Amino acid sequence: MNSIEVRGATLSYDQKNPVLNGLDLTVQTGSIYGLIGPSGCGKTTLLSSILGMKQLDSGTIKVLGQKVVYEKSSKFSNMIGYMPQETALVPELTIKETLNYFGNIYQMNQILLKQRLIMICDLLELNDVNKQVNHLSGGGKRRVSFAAALIHDPKILILDEPTVGLDSILREKIWTFLIDSTKSSNMSVIITTHYIAEAERSNYCGLMINGVLLADDHPKNILAKFGVLNLEEAFLALCLSKKSKAEGCASNGVHFPNSASTFDGSNSIHADDSSNSTKINENIIVELDKRKTFSGQTFRALFKKEVIRIRRQPGEIFFTILFPLIKGILFIYTMGKNPKGLSIGVVNNEISDINYCSEYLKSTNYEFNNSSCNFENLSCYFLNEIRDDTAVKIGYNSFDEAYKSAKAARIYGFLSIASNFTEAITKRKSDWQALTDDVFLDQIDVYLDHENLQIASFLKLRLFKAFEKFNKKLLQQCDLNEKLEDSPMSIETFYGDFDSDYVKTLIPALFIQAILLSGILFSLSSIAQSRTGGVWNRTIIAGVTVSEIISVQFTLLFISDIVQLIVLKIITATLYDGEIVGNQWILGFFCLMVYMTGSSIGIFVSILTNNLLILNTAGMVIFFFGGSLCGGMWPIEGQPKFLQYLSVTIPTTLPTVTVKNIIAKGFDMSHETIYGGFALLGAYIATMLTLSFWSLKRTKFTEQH
Ligand SMILES: Nc1ncnc2c1ncn2[C@@H]1O[C@H](COP(=O)(O)OP(=O)(O)OP(=O)(O)O)[C@@H](O)[C@H]1O
């Protein structure tokens, strides 16, 4: 039986220039097939097609007699050892951890794995097995990559330039090993190499040009045919003599002799392999039964690899887990706090020198000086109510002077107090029937820098409060009921209070966003990391299933979420002085759901592409949309109608309400905003995971070019 059979394989990336052009190739069991050809002639494409990573436009490929279906793991996946051209290793793992990882995803027996590990490390001179892969030389990394392809004692080895960067002694050792293995254990090898001389040691040699094999024979036959001493000369001659013909063949869809016959038309020199193939078939059936679709061993190997990778990359933990939390802490410290150290100008037309006020107030011991409701210098009492925690008062001699200073943005605003302030205010407290219009003229004009909205609002509120305080004291002094100044309409609250800190109302939205972002970032980075560098493809080729991958990622995210929630709990317990009225378990579980929603969104997005720049941007865009539309900073009722429809569907809007209602109103699961929030997130998680599962099933492999 042949180990690999390629028949009429055609593949083009751009519909115009076929990379494989009706190519036929046979790798016989127990032989080495050396595939050589100029760079870009399609060797890697051919190997990828044999592994099911590339879809043929036409033609068939069989591995161990079974048809290769694009994107479908072969039943024989754990019998194939694949070494890609790039290193395709996890840089954070040590040599030993790497080989254990591959051994375990191939579901090897532990005793056998240990023995193979020692044997292969010895063969490939991998002495310091505890050295991390990213600390190895280029050649060292390639040796580990080769070791990973060999660890499970495969029946077929597919090697894409395995000896690049290795010294000649080691190359010799590897070739000796390959030749011995094909002889002793019937292993079949297909190997691409740029060292043409190496290919002379293979049983078969194929020269590939323009998507077809120009020659396909035993190296000795090729040398004899051309009457040359080495393959290099033979291929040079072949290229010169056949190139134009080959190109012509390519366009006519005809191809050169395939491996079923030798270059000169004689039959294959490996026609005696039928007895061996029967033996292999029996072995295959036994080993096939051992491979499980969901195996604990594979799960543990994938999980361990991720944990080690994350542990040895603290930067990733920082940015994905701690960054959003740090953002949260900063938010608590920076948002909603009253501004301090503001400066405000005062033009007091009642008194020529503002400094006089402090002397005057001291002289009256800060008490109103008259019980008969006749006062002087009342502006000083009013100004005294504007404390330094509101603003520092700076005196100006004239309106123009203060205005200039305000326009030059040296002060946030200024007050201009009328010269008849005391007289007009006092009159207001006297006989109301007798009041004339001039009493109602503005007594204090306030000018504020409204470009700075928060500061202007803060000053406005504080100035009103200062005036209210001053006025109430005055009413008392005039033996009038201080409630006289109150509006007959009273506004009360049933949740929250008027003095509550603005930041407390923002906290639910903030935490929802921080948790969601953490989930997104963590899954994006964790999956993107595993999908870059070729390890992902190697893992899939090893037969690891989509359910195994998704379940490992989800478990990891679940654990990272628990860690995050504990940190979050500590932070809120330390920094957040507001009361959590509702059930803390419901709140905790809800936060977990938010995180899992973020994670499942991250999983889905990172399956669509493994371009890190796109992924990072996607994470930020999702975060930006979630933050802007959720209504946490500004009510969604203020949004245009079409945005409101969008806002209610995103996983931050209703969840913000849910968290607010648990924290501040103590609602339980019977309230629609609580079970609605859970239902929305549940739907998101289910949808995202289904889509991820489906996308992964459709496009398992990552594009390496
Ligand atoms: N994913 C892809 N999309 C578009 N073109 C591709 C893709 N992969 C490979 N190609 C093109 O197909 C051709 C064959 O590439 P391939 O990697 O198979 O060559 P190769 O013989 O293995 O080269 P080398 O010896 O340099 O590794 C090249 O021209 C390459 O640019």
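Residues numbered from 1 in each chain as written. Predicted model: local features only at pLDDT ≥ 70, side-chain atom pairs only at ≥ 80, totals over all residues.

### Comments concerning the overall build of the protein chain
- Counting its regular elements, the protein chain contains 24 helices and 14 strands.
- A total of 705 residues make up the protein chain; the buried ones form 40% of that total.
- Counting only contacts in the protein chain whose residues sit at least 6 apart along the sequence, the fraction spanning at least 24 positions is 76%. (Helix = DSSP H or I, 4+ residues; strand = E, 2+ residues; numbered from the N terminus. Buried ≥ 20, exposed ≤ 12 C-beta atoms within 10 Å, placed from the backbone. Contact = placed C-beta atoms within 7 Å.)

### Focus on the sheet that holds strand 13 (residues 413-417)
- Within the open sheet, the four strands sit side by side as 12-11-13-14. Their pairing is mixed. Taken across any chain shown, the strands that pair with only one partner, and hence form the sheet edges, are strand 12 (392-395) and strand 14 (444-448). Taking each pair of neighbouring strands and ignoring which way they run, the sheet shows an average axis angle of 25 degrees.
- Pairing analysis gives five bridges linking strand 13 to strand 14, with the strands arranged antiparallel. When the bridges of strand 14 are listed, Gly 413 appears paired with Leu 448.
- Lying over the sheet, helix 16 (residues 453-477) contacts strand 11 (343-348), strand 13 and strand 14, oriented at roughly 160 degrees with respect to strand 14. (Pairing = 2+ DSSP bridges. Axes fitted to C-alpha atoms, helices over the stretch in contact; angles between N-to-C directions.)

### Here's the deal with the nonpolar core
- Core analysis: the largest hydrophobic core is formed by 130 residues, its most contacted members being Ile 50, Ala 147, Ile 158, Val 189, Ile 190, Leu 207 and Val 594.
- In terms of residue count, helix 17 (residues 502-531) provides more of this core than any other element does, 15 residues in total.
- In terms of nonpolar packing, the next biggest core, distinct from the first, is built from 25 residues, Val 346, Leu 378, Tyr 412 and Leu 448 among them. (Core = buried A, V, L, I, M, F, W, Y, C linked by C-beta atoms within 7 Å.)

### Observations concerning the sheet that holds strand 2 (residues 18-28)
- A sheet is described by the order of its strands in space; here four strands give the open sequence 2-1-4-5, paired in antiparallel fashion. Of all strands in the sheet, those bounded by a partner on one side alone are strand 2 and strand 5 (66-67).
- One ladder, built from eight bridges, connects strand 1 (residues 2-12) with strand 2; its direction is antiparallel. Within strand 2, the residue paired with Val 6 across the bridge is Leu 25.

### Notes on unusual backbone geometry
- Even without being glycine, Leu 64 reaches a positive phi, approximately 50 degrees.
- Even without being a glycine, Asn 186 presents a positive backbone phi close to 60 degrees.
- Considering the arrangement of structural elements, one finds Asn 186 in the loop between helix 5 (168-185) and strand 8 (188-192).
- Among the residues examined, Asn 186 registers 18 C-beta atoms within 10 Å and is labelled partly exposed.

### Points about the site of the ligand
- In the neighbourhood of the ligand, 13 residues make up the surrounding shell, with Tyr 13, Ser 39, Lys 43, Thr 44 and Thr 45 lying closest.
- Per-element tally for the shell around the ligand: the top contributor is helix 1 (residues 43-50), with three residues.
- Of the residues belonging to the shell around the ligand, the class tally is three nonpolar, eight polar and two charged. (Near = placed C-beta within 6 Å. Nonpolar A, V, L, I, M, F, W, Y, C, P; charged D, E, K, R; others polar.)

### Structural notes on helix 3 (residues 110-123)
- The end-to-end C-alpha separation of helix 3 is 20 Å, in line with the 20 Å expected for 14 residues at 1.5 Å each.
- Backbone geometry just downstream of helix 3 places Glu 125 in the positive-phi region, at approximately 55 degrees. (Expected span 1.5 Å × (residues − 1).)

### Points about the UniProt feature "transmembrane region" (unreviewed entry) in the protein chain
- As annotated by UniProt and renumbered to match this structure, "transmembrane region" (unreviewed entry) occupies residues 317-336, 506-528, 585-605, 612-636 and 674-696.
- Secondary structure content for residues 612-636 is 72% helix and 0% strand, and the end C-alpha separation is 33 Å.
- A distance of 33 Å separates the end C-alpha atoms of residues 674-696, which is 100% helix and 0% strand. (UniProt positions renumbered as here; feature names shortened; annotations may be inferred.)

### Here we look at the domain arrangement of the protein chain
- Domain assignment breaks the protein chain into domain 1 (2-76 + 155-290), domain 2 (87-153), domain 3 (296-333 + 501-698) and domain 4 (343-485).
- In this complex, domain 2 contributes 12 residues to the contact, which on the side of domain 3 involves 17 residues.
- Counted by class, the side of domain 2 that touches domain 3 contains eight nonpolar, two polar and two charged residues. (Domains from an automatic or database assignment.)

### A closer look at helix 16
- Its 25 residues place the ends of helix 16 36 Å apart at the C-alpha level, agreeing with the 36 Å of an ideal helix rising 1.5 Å per residue.
- All buried positions along helix 16 are accounted for by Leu 459, Leu 463 and Leu 474.
- On its buried face, helix 16 is in contact with strand 11, strand 13, helix 15 (421-429) and strand 14.
- Count one or two residues on from helix 16 and you reach Asp 479, which has phi positive near 60 degrees.

### A word on the packing of helix 23 (residues 653-663) against helix 24 (residues 672-698)
- For the pair helix 23 and helix 24, the least separation of the axes is 9 Å and the interaxial angle reads 140 degrees. With respect to helix 24, the element helix 23 is oriented oblique. As helix 23 packs across helix 24, the resulting crossing turns out to be left-handed. Contact residues: helix 23 offers Leu 654, Pro 655, Val 657, Thr 658, Asn 661 and Ile 662, while helix 24 offers Thr 673, Ile 674, Gly 676, Gly 677, Leu 680 and Leu 681.
- Within the contact of helix 23 with helix 24, the residues separate by chemical class into seven nonpolar, five polar and no charged. (Parallel < 35°, antiparallel > 145°, perpendicular 65-115°, else oblique. Left-handed = near helix turned anticlockwise from the far one by under 90°.)

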